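Residue-level listing of the chains:
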Amino acid sequence: HDKMAHYPIYPAGQLAGHEGSVMAVRFNQDGNYCMTSGQDRLVKLWNPHTQLLIKTYKGHGLEVNDAIATADNSRFASCSNDKTIMIWDIATGRMITKYRGHSAAVYCVRFSQDSAVLASSSYDATVCLWDLRAPNQYEPLQKLDEAKDSVPSICIRNHEILTGSVDGFVRNYDIRMGRMRSDCIGEPVTSVNFSHDNNCILASSLDGTIRLLDKETGELLRDYTGHKNNNYKVDSVFSHNDAGVVSGSEDGDVCIWDLVTGAIEHRLQGQHKGIVCSLAYHPKKPLMVSAATDGTVCVWKNLPPSGRLPPPEANY
């Protein structure tokens, strides 16, 4: 049973507060807080460790698809079907800046490591880069328009911007070198992430498959199946130590695979009735939060509520 605690497989509480679908859940950089964004047009800041709601942010005109905090926790960015991106002051709840650079719903926002640049991706098939140090600059710094269809997911690591598009391509932009490398998955790509060691790319697509690619060569290293993902954007993430791959599923499950073998280690059931569309894994330890279209948000820990591991025969 010693293996049981490698992953956060025990439900530890719910973050209850949104009406309707929860579109995204994201940890802040140190993992002390998380933010959820909802169909109810709200963004909420939580302490996932205690399940306490800290603050609610209201301002978008339509559902909020993503929200993410800066490295110093002073501000956050949110994006919405209302085509805007908003920058907020976390402490006061005041909206600081509104960007209107997309012609359709904005799906995803990510900060550069130093939080000087924000990237946003949209149904309009573009990724916009915004310079947050220039206070009165309301035009994007740069527009990445190589995608031929909507871009549901982006990830930033150092000087690289990774994008996943419904056109079937994963694209990795090296902003410093001015280079782009693309890998054809051949199916709509809805979630992309860099591994923590920065050697691999994880890409989810609507053929119900998650693929692990070598970042430099694009070689397919492994694929992961057994979850359901054919119609909706469903997040997949690396565990904090890159040992596992975790994904939501359209049947309400959360699945955990061994990165190397590709075998399903755990199928977490019973907490969500809707599509588990978003997942956040703590940057440093086995703790995660999953969010679903039925409005439920579940915190998962690697110890059962009693704090003790069950006897070996307990079947989870």
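It should be noted that the structure appears before, not after, this text.
Each chain carries its own residue numbering, running from 1 in the written order of its sequence. At least 70 in pLDDT is required for a residue's local features to be given in this predicted model, at least 80 for side-chain atom pairs to be given and counted, and no such filter applies to totals for whole chains, interfaces and linings, which use all residues. Side-chain metrics rest on all non-hydrogen atoms present in the structure, leaving aside hydrogens and water.

## Things to note about the overall build of the protein chain
When helices and strands are tallied, the protein chain shows zero helices and 28 strands. Each of the three principal axes of the protein chain carries a C-alpha extent, and together these read 60 × 45 × 30 Å. Here a residue-residue contact requires only that any non-hydrogen atoms of the pair lie within 4.5 Å. A fraction of 45% describes how many contacts in the protein chain between residues 6 or more apart in sequence connect residues 24 or more apart. Helix numbering and strand numbering both begin at the N terminus, where a helix is a DSSP run of H or I of at least 4 residues and a strand a DSSP run of E of at least 2.

## Describing the pairing of strand β28 (residues 297-301)
We call a residue buried when its accessible area falls under 20% of the maximum for its residue type, exposed when it is over 50%, and partly exposed in between, using a 1.4 Å probe and counting protein chains only. With four of five residues buried, β28 lies mostly within the body of the structure. Where strand β1 (residues 10-14) and β28 come together, four bridges link them in antiparallel fashion. Bridge pairing in β28 places Gln 14 opposite Cys 298. By the convention used here, strands pair only if DSSP detects at least 2 bridges between them. Relative to β28, strand β27 (residues 287-292) is paired through five bridges, and the arrangement is antiparallel. Its bridge partner lying in β28, Ser 290 is registered against Cys 298.

## With respect to the nonpolar core
The criterion is simple. A nonpolar core is a set of buried Ala, Val, Leu, Ile, Met, Phe, Trp, Tyr and Cys residues joined through side-chain atoms within 4.5 Å. Ranked by size, the top nonpolar core spans 15 residues in total, and within it Val 246, Val 254, Ile 256, Leu 268 and Met 288 carry the most contacts. Where this core is concerned, the elements lending two or more residues are β24 (254-258), β26 (276-281), β27 and β28. The biggest single contributor to this core is β26, with three residues. Each residue touching Ile 256, except ones within four places of it in the same chain, is listed here: Tyr 7, Ile 9, Val 245, Val 246, Ala 263, Ile 264, Glu 265, His 266, Leu 268 and Met 288.

## Here we look at the packing of aromatic side chains
A pair of aromatic rings is counted whenever rings of Phe, Tyr or Trp (Trp by its six-membered ring) have centres within 6.5 Å, and the orientation is called stacked for planes under 30 degrees apart, edge-to-face for over 60 and tilted otherwise. Under the criterion given, the structure shown has seven aromatic pairs. These aromatic residues form a ring-pair network of at least three members: Tyr 57, Phe 76 and Trp 88.

## Looking at the sheet that holds strand β25 (residues 264-268)
In a beta sheet, neighbouring strands are held together by backbone hydrogen bonds and run either parallel or antiparallel to one another. Strand order in the open sheet made by the four strands is β22-β23-β24-β25, with antiparallel pairing throughout. One side of each edge strand has no neighbouring strand; the edge strands of this open sheet are β22 (236-238) and β25. Between one strand axis and the next, the sheet turns by 20° as a mean value, whatever way the strands run. Pairing of β24 with β25, which is carried by four bridges, proceeds in the antiparallel orientation. Bridged to Ile 256 within β25 is His 266. Lines fitted to C-alpha atoms define the axes, with helix axes restricted to the stretch in contact, and inter-axis angles between N-to-C directions lie between 0 and 180 degrees.

## A word on the pattern of salt bridges
The rule for a salt bridge is simple: a side-chain nitrogen of Lys or Arg has to be within 4 Å of a carboxyl oxygen of Asp or Glu. With the rule as written, the count across this model stands at 12 salt bridges. Between Lys 215 and Glu 160 there is a salt bridge, with the nearest N and O atoms lying 2.6 Å from each other. In this pair, Lys 215 sits in the loop between β20 (209-214) and β21 (220-224) while Glu 160 sits in strand β15 (residues 160-164), placing the two residues 55 residues apart along the sequence. An identical accessibility class is assigned to Lys 215 and Glu 160; each is buried. Across the salt bridge formed by Lys 233 and Asp 235, the nearest N and O atoms sit 3.7 Å from each other. Under the relative-accessibility criterion, Asp 235 is labelled buried at 5%.

## Structural notes on the sheet that holds strand β9 (residues 95-99)
The strand order across the open sheet built from four strands is β6-β7-β8-β9, with neighbouring strands paired in antiparallel fashion. Looking at which strands have only one partner, the edges of the open sheet turn out to be β6 (64-69) and β9. Strand-to-strand twist in this sheet, taken as the mean axis angle between neighbours without regard to direction, amounts to 20°. Bridge count between β6 and strand β7 (residues 75-80): five bridges; the pairing is antiparallel. Each residue of the ladder has a partner; that of Asp 66, found in β7, is Cys 79.

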